[in-house]
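# Summary of structural features
Listed here are the chains, written in short residue letters.
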There are 2 protein chains.
Amino acid sequence: MKKIKVIVYGCGVMGRKMTEALLEKKSFELVGALDINPQLVGKDLGEFLASKKKLGIIIGNDPKALFSRVKAQAVIHTTTSGLKSVYPQISQCLKAGLNVISTCEELSYPWKRYPKLSRDLDQLAQKCGATVVGTGINPGYLMDTLPLVLTAPCLKVDTVKVTRMMNSARRRIPFQAKVGTGLTAKEFRKKIDDKIITGHVGLLESINMIAAGLGWTLNEAVEIPPKPVIAKKPVKTALGVVTPGKVIGLVSRAYAKKNGKKVITLEFCANAGVRKEYDEIIIEGHPRIHEKIRGGVHGDVGTVAVTLNTIPRAVEAPAGLKVMKDLPPAIATP
Amino acid sequence: MKKIKVIVYGCGVMGRKMTEALLEKKSFELVGALDINPQLVGKDLGEFLASKKKLGIIIGNDPKALFSRVKAQAVIHTTTSGLKSVYPQISQCLKAGLNVISTCEELSYPWKRYPKLSRDLDQLAQKCGATVVGTGINPGYLMDTLPLVLTAPCLKVDTVKVTRMMNSARRRIPFQAKVGTGLTAKEFRKKIDDKIITGHVGLLESINMIAAGLGWTLNEAVEIPPKPVIAKKPVKTALGVVTPGKVIGLVSRAYAKKNGKKVITLEFCANAGVRKEYDEIIIEGHPRIHEKIRGGVHGDVGTVAVTLNTIPRAVEAPAGLKVMKDLPPAIATP
């Protein structure tokens, strides 16, 4: 089995988790690492992993130099959520002929929000003979690709509804803070207004991927500002006990209409009050499909896995900007 | 939207259901029909549909003549389950440059059972610039493609278990007869020995597709002869009331081992005693995925939908023999 040589671009929390998982797999070989953080650059990436064991992979800050020095087939890109800010980074990878698998949320389905940028990226990728795709657990899989895969046995689809129900108290502390844990309702609203709490990023991308997959033209696609979930009794979290009346997390919602009728509904519930975690998809149509993953899929593990498992598909795919629905399915890699 | 021109090859029960569904979709245009049954040949395909309305599509028995007369992109092929018997039919389609989407069970993953024939078919398809793929609800989707899609968020997969639980009394009468409804246990066993009752066709194909997808080398893949399910109280079916002690359906099982350990288990339960229908997938690994489709997916509707929804993917794919896991996912077509 020939290993795919991979460069990790972004050595933050997700980049490190990607690295740890990648090192466990015989499908891949880590050959380089990039970041712009001066506290990371020049150090061995291994120092930042749980094992602390040196890897002989020094984090660089000069992509061009690395790409000319090291032979690779793919870049795992985990820097930021906005397409505009990652565009120059990704372009540079493509120009080196490298396939890019990125967790940039806006890249998961960029055609609606950034049609011109998407065309440019597609043309650049084709010119360079490389593939670029945005992915992750969500957007990228649970709320877009998987619902589309579940329409395969349908002769007709009327509506798609996806609900992720997760207990934020079982997640990373930064995530718990991100969903507003422990705030007053007033503080929460202020953070929403100041765009410090953004809710889940990528709901509109998922909606647009579903619509494109089903050949639907939408009149309207709306992301509702996240709503706080308030504790009714004391709730234990990693940020301390949240007293009744304070925030234990949030609900993010988005929907889309076609011919004036609500046809896509996405609901992302992340709060410490959730007892039973699940990811649910309901497709009303012929036949009706009611699917549920009990216990849900852990976000971080899922994002790392979906991203790594997409590498072989991106490497094999014809060149261009791809979205997950148009690649053969990512499958757990050995 | 440019319609894909389709020929229906096989005008039996499934071919007719395919036709009815195809006529409802704006993605496709029916341009021809083939069968060998003298009772069908020369007649308008429409006469055999529920509507009885003539379509102007006369069922022919000469593929070569039809292919030279009519321009098409794809053939929906629904004749028999064995690859050897459909090979000449499919070859002829490929030689005419037509993409073939077939419900032939053995074609869903032919590489293990017929490696030489698979290579030949792949080479022929490539030479002719056409794609051939075997599909359907099962094999083709519920017990192979969907479980593989569900491994995307997994860093590690230890075992895969798929269970289809269906109430045969809610299915077509020929299907109810096929699962042994109303027989004595002795009659059932004789029909098993005589290979009149075969259980579900395609379990080994599904196992082999899963193993190939996960990069697993199996020591052993075994299909267990179907076991009868015996009525404990009177059970109403379309074939009459089955009295206690008689057969109300069957259970088909298959499993596969890797390094001596059972790693894939498929169970297909079709009997009139099933109360809650479902299709369930359990992936033990990191993370564990426990997925369930409540109510299950109706076999006939599902097969028609998966097959039709695969047409655009087969038409777009690079030429060759494909299996479902290596095509972009089939999505409900408009």
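Reading guide: rules and limits
Residues numbered from 1 in each chain as written. Chains lettered and ligands numbered in written order. Predicted model: local features only at pLDDT ≥ 70, side-chain atom pairs only at ≥ 80, totals over all residues. Helix = DSSP H or I, 4+ residues; strand = E, 2+ residues; numbered from the N terminus. Rg over C-alpha atoms; globule rule 2.2 N^0.38 Å. Buried ≥ 20, exposed ≤ 12 C-beta atoms within 10 Å, placed from the backbone. Contact = placed C-beta atoms within 7 Å. Core = buried A, V, L, I, M, F, W, Y, C linked by C-beta atoms within 7 Å. Pairing = 2+ DSSP bridges. Axes fitted to C-alpha atoms, helices over the stretch in contact; angles between N-to-C directions. Domains from an automatic or database assignment. Nonpolar A, V, L, I, M, F, W, Y, C, P; charged D, E, K, R; others polar. Least-squares fit on C-alpha atoms with pLDDT ≥ 70 in both. Parallel < 35°, antiparallel > 145°, perpendicular 65-115°, else oblique. pLDDT = per-residue confidence, 0-100. Expected span 1.5 Å × (residues − 1). Left-handed = near helix turned anticlockwise from the far one by under 90°.

It is worth spelling out the overall build of chain A at this point. Helix and strand counts for chain A stand at nine helices and 15 strands. Computed over the C-alpha atoms, the radius of gyration of chain A is 20 Å, within 12% of the 20 Å expected from 2.2 N^0.38 for a compact globule of 334 residues. Viewed in the frame of its principal axes, chain A has a C-alpha envelope of about 55 × 50 × 35 Å. In chain A, which comprises 334 residues, the share counted as buried stands at 51%. Restricting the contact set of chain A to residue pairs at least 6 apart, pairs at least 24 apart contribute 71%.

Our next topic: unusual backbone geometry. In this model, A:His286 is joined to A:Pro287 through a cis peptide bond whose omega is -10°. Along the chain, A:Pro287 falls in the loop between β13 (278–286) and β14 (289–294). For the peptide bond that leads from B:Asn138 to B:Pro139, omega is 5°, which places it in the cis range. Mapped onto the fold, B:Pro139 is located in the loop between β6 (131–134) and α5 (145–149). A positive phi is found at A:Lys195, a non-glycine position, where the angle reads about 60°. Assignment of secondary structure puts A:Lys195 in the loop between α7 (185–193) and α8 (203–214). Here A:Lys195 falls in the exposed class, since 8 other C-beta atoms lie within 10 Å of it.

This paragraph deals with the nonpolar core. In this structure, A:Val6, A:Ala74, B:Val6 and B:Ala74 are the most contacted members of the largest nonpolar core, which totals 202 residues. Residues in contact with B:Ala74, not counting those within four places in the same chain, are B:Ile4, B:Val6, B:Leu98, B:Asn99, B:Ile101, B:Ile311, B:Ala314 and B:Val315.

Residue and element names in this part refer to chain B. What the seven strands build is an open sheet, ordered β3-β2-β1-β4-β5-β6-β15; its pairing is parallel. This sheet does not close on itself; its edge strands, each paired only once, are β3 (59–60) and β15 (320–322). Strand direction decides the pairing type here: strand β5 (residues 99–102) and β6, joined by three bridges, are parallel. Within β6, the position partnered with Val-100 by the bridge is Val-132. Relative to the sheet, helix α9 (residues 299–316) contacts β1 (4–9), β2 (28–34), β4 (74–77), β5 and β6, its axis offset from that of β5 by approximately 155°.

Another point: the domain arrangement of chain A. All names here are of chain A. Taken domain by domain, chain A comprises domain 1 (4–135 + 301–326) and domain 2 (145–296). Of note, the centres of domain 1 and domain 2, computed from C-alpha atoms alone, are 27 Å apart. Contact residues are listed per partner, giving nine residues for domain 1 and eight residues for domain 2. Classifying every residue of the side of domain 1 that touches domain 2 by side-chain character gives three nonpolar, two polar and four charged.

Residue and element names in this part refer to chain A. Pairing analysis gives nine bridges linking strand β7 (residues 156–166) to β13, with the strands arranged antiparallel. From the neighbouring strand, Thr-159 faces β13, where its bridge partner is Glu-284. Note: β13 against β14, six bridges, orientation antiparallel. Bridge assignment links Glu-280 to a residue of β14, and that residue is Lys-292. Linkage of β13 to β14, two consecutive antiparallel strands, is achieved through a turn of two residues.

If you look at the interface, chain B gives 39 residues, while chain A gives 40 residues. Broken down by secondary-structure element, the contributors of at least two residues to the side of chain B that touches chain A are α5, α8 (203–214), β14 (289–294) and α9 of chain B.

Next up on the list: the relation of the copies chain B and chain A. Between the two copies, chain B and chain A, the superposition gives an RMSD of 0.0 Å; the rotation angle is 180° and the shift along the axis is 0.0 Å. What the superposition gives is, in effect, a two-fold axis relating one chain to the other. The position closest to the rotation axis in chain B is occupied by the C-alpha of B:Pro328, lying 1.9 Å away. An overlap of 100% is found between the interface residues of chain B and their copies at the interface of chain A, pointing to a shared contact surface.

Here we come to helix α1 (residues 13–23) of chain A. Looking only at α1(A), the buried set comprises A:Gly15, A:Arg16, A:Met18, A:Thr19, A:Ala21 and A:Leu22. Buried residues in α1(A) make contact with β1 (4–9), β2 (28–34), β4 (74–77) and α9 (299–316) of chain A.

What follows concerns the packing of helix α3 (residues 83–95) of chain B against helix α4 (residues 115–128) of chain B. Residue and element names in this part refer to chain B. Running from N to C, α3 and α4 cross one another at 10°; their axes reach a closest spacing of 10 Å. Between α3 and α4, the angle falls in the class roughly parallel. Contact with α3, carried on its side by Leu-83, Tyr-87, Ser-91, Leu-94 and Lys-95, involves Leu-117, Leu-124, Ala-125 and Cys-128 of α4 and no other residues of that element. When its residues are assigned to classes, the contact of α3 with α4 shows seven nonpolar, one polar and one charged.

Moving on to the sheet that holds β4(A). Residue and element names in this part refer to chain A. In spatial order, the strands read β3-β2-β1-β4-β5-β6-β15; together these seven strands make up an open sheet with parallel pairing. With one partner strand each, in any of the chains shown, β3 (59–60) and β15 (320–322) form the two edges of the open sheet. Of the strand pairs in this sheet, β2 and β3 are connected by two bridges, and their pairing is parallel. Following the sheet pairing, Ala-33 is matched in β3 by Ile-59.

All names here are of chain B. Locating Arg-189 in the fold gives a position in helix α7 (residues 185–193). On the neighbour-count criterion, Arg-189 (17 C-beta atoms within 10 Å) is partly exposed. Sequence spacing of Arg-189 and Pro-225 is 36 residues, and the spatial spacing of their C-alpha atoms is 9.7 Å.

What follows deals with the confidence of the model for chain A. In this model, chain A carries an average pLDDT of 96, and 100% of its residues clear a pLDDT of 70 or more. The complex model carries a pTM of 0.97, and its ipTM stands at 0.97.

Right, let's get into α8(A). Residues and elements named next belong to chain A. For α8, which comprises twelve residues, the first-to-last C-alpha distance of 17 Å matches the rise-based estimate of 16 Å (1.5 Å per residue) to within 8%. Burial analysis of α8 places twelve of its twelve residues in the buried class, the great majority of the element. Buried within α8 we find Leu-203, Leu-204, Glu-205, Ser-206, Ile-207, Asn-208, Met-209, Ile-210, Ala-211, Ala-212, Gly-213 and Leu-214. Buried residues along α8 sit in contact with α5 (145–149), β7, β8 (220–230), β11 (247–258) and β12 (261–271).

On to the pairing of β11(A), then. All names here are of chain A. Taken together, the nine bridges between β8 and β11 define a ladder with antiparallel strand orientation. Paired with Lys-227 across the bridge in β11 is Val-251. Looking at chain direction, β11 and β12 are connected through ten bridges and run antiparallel. Bridged to Arg-253 within β12 is Glu-267. The antiparallel hairpin formed by β11 and β12 contains two residues in its connecting segment, where Asn-259 sits at a positive phi of about 50°.

Pairs of packed helices are described in terms of their axes, by the angle between the two and the distance that separates them. All names here are of chain A. At a minimum axis separation of 10 Å, α1 and α9 run at an interaxial angle of 60°. Compared by their axis directions, α1 and α9 come out oblique. Here α1 and α9 pass one another in a crossing that is right-handed. Residue-level inspection shows Met-14, Lys-17, Met-18, Ala-21 and Leu-22 of α1 in contact with α9, the latter providing Asp-300, Thr-303, Val-304, Thr-307 and Leu-308.

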